[in-house]
Amino acid sequence: SEASLVHSMMEQITNVRMASPGFASDVGCPKTVQKTLSMEFLTETLLEAALSLCKTLDDVVTLKMSLTISKKTGLNHMLVADLENRVSQKEQTLVEELVQSETNEVLEICGLSPILNARSSTSV
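In this text the structure is predicted, and so the values were computed from the model without any measurement. (Residues numbered from 1 in each chain as written. Predicted model: local features only at pLDDT ≥ 70, side-chain atom pairs only at ≥ 80, totals over all residues. Heavy atoms only, no water.)

1. A few points about the overall build of the protein
For the protein, the count of helices and strands is six helices and zero strands. Put simply, the protein runs from its N terminus to its C terminus through helices and strands in the order α-α-α-α-α-α. Relative to its 124 residues, the protein shows a buried fraction of 25%. Pairs at least 24 apart in sequence give 73% of the contacts found in the protein among residues at least 6 apart. Just so you have it, the protein exposes about 8,300 Å², and 60% of that area is on carbon and sulfur atoms. (Helix = DSSP H or I, 4+ residues; strand = E, 2+ residues; numbered from the N terminus. Buried < 20%, exposed > 50% of the residue type's maximum accessible area, 1.4 Å probe, protein only. Contact = heavy atoms within 4.5 Å. Areas by Shrake-Rupley, 256 points an atom, 1.4 Å probe, with all protein chains shown as cover.)

2. Things to note about the pattern of salt bridges
Evaluated as defined, the whole model comprises five salt bridges. Notably, a salt bridge pairs Lys64 with Glu91, separated by 2.8 Å at the nearest N-O pair. Here Lys64, found in helix α4 (residues 57-71), pairs with Glu91, found in helix α5 (residues 77-109); they are 27 residues apart in sequence, far enough to count as distant. Residue Glu91 is classed as partly exposed on the basis of its relative accessible area of 25%. Taken together, the shared-partner salt bridges in this structure form one network comprising Glu44, Glu48, Asp82 and Arg86. (Salt bridge = Lys/Arg side-chain N within 4 Å of Asp/Glu carboxyl O.)

3. Examining the side chain of Thr14
Inspection of the secondary structure assignment puts Thr14 in helix α1 (residues 2-19). In terms of polar contacts, Thr14 uses its side chain to reach the backbone carbonyl oxygen of Met10, at 2.7 Å. Discounting residues that sit within four places of it in the chain, Thr14 has contacts with Met39, Ile69, Ser70, Lys72 and Thr73. (Polar contact = N/O pair within 3.5 Å; in protein donor to acceptor, adjacent residues only side chain to side chain.)

4. Re the side chain of Thr43
Here Thr43 shows up in helix α3 (residues 39-52). Within polar-contact distance, the side chain of Thr43 engages the backbone oxygen of Met39 at 2.7 Å. Residues contacting Thr43, with those up to four places away along its chain left out, are Met10, Leu67, Ser70, Leu75 and Leu83.

5. Looking at the environment of Met65
Within the element layout of this structure, Met65 appears in helix α4. For the pair formed by Met65 and His7, sequence separation is 58 residues and the distance between their alpha carbons is 7.2 Å.

6. Overview of a nonpolar patch on the surface
A contiguous nonpolar surface patch, about 290 Å² in accessible area, is contributed by Leu57, Val95, Leu98 and Val99. Sort the elements by how many residues they give to the nonpolar patch and α5 lands first, with three residues. Following the sequence through the fold, Val95 ends up in helix α5. (Patch = residues over 30% accessible without salt bridge, like charges linked within 9 Å, V, L, I, M, F, W, Y side chains within 5 Å.)

7. Notes on the nonpolar core
With 18 residues, the main nonpolar core has Val6, Leu47 and Leu63 as its most contacted residues. Those elements giving two or more residues to this core turn out to be α1, α3, α4 and α5. What Leu47 contacts, discounting residues up to four positions off in sequence, is Val6, Leu63, Ser66, Leu67 and Leu83. (Core = buried A, V, L, I, M, F, W, Y, C linked by side-chain atoms within 4.5 Å.)

These values are about where atoms sit, not about what they do.
As structure tokens, this is what we get:
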């Protein structure tokens, strides 16, 4: 899945960043290049892309692990909080969809789906 791909990429990039002296904070870098090379930019771009394609709770867990890994590089705390919030919102949406789906299935199995259908048609 896309979440697994993001996780692998974040893990590898974080490991390289942590091990390489070329990414130290005392190494000069032009401001125009700094944003593109920043872990903040990379993390936000990858997580945002994966979030839009996230379909399962397993994917959400994988994205949470990816964010935890990238925190090791000293990400901006405001960005981390924002990304954690976005991932949690996606998780909440997926949980709500799962509960609704399972509820409908159980009601169908029990023969109570007409009650659900009647409830749905009166609320419209």
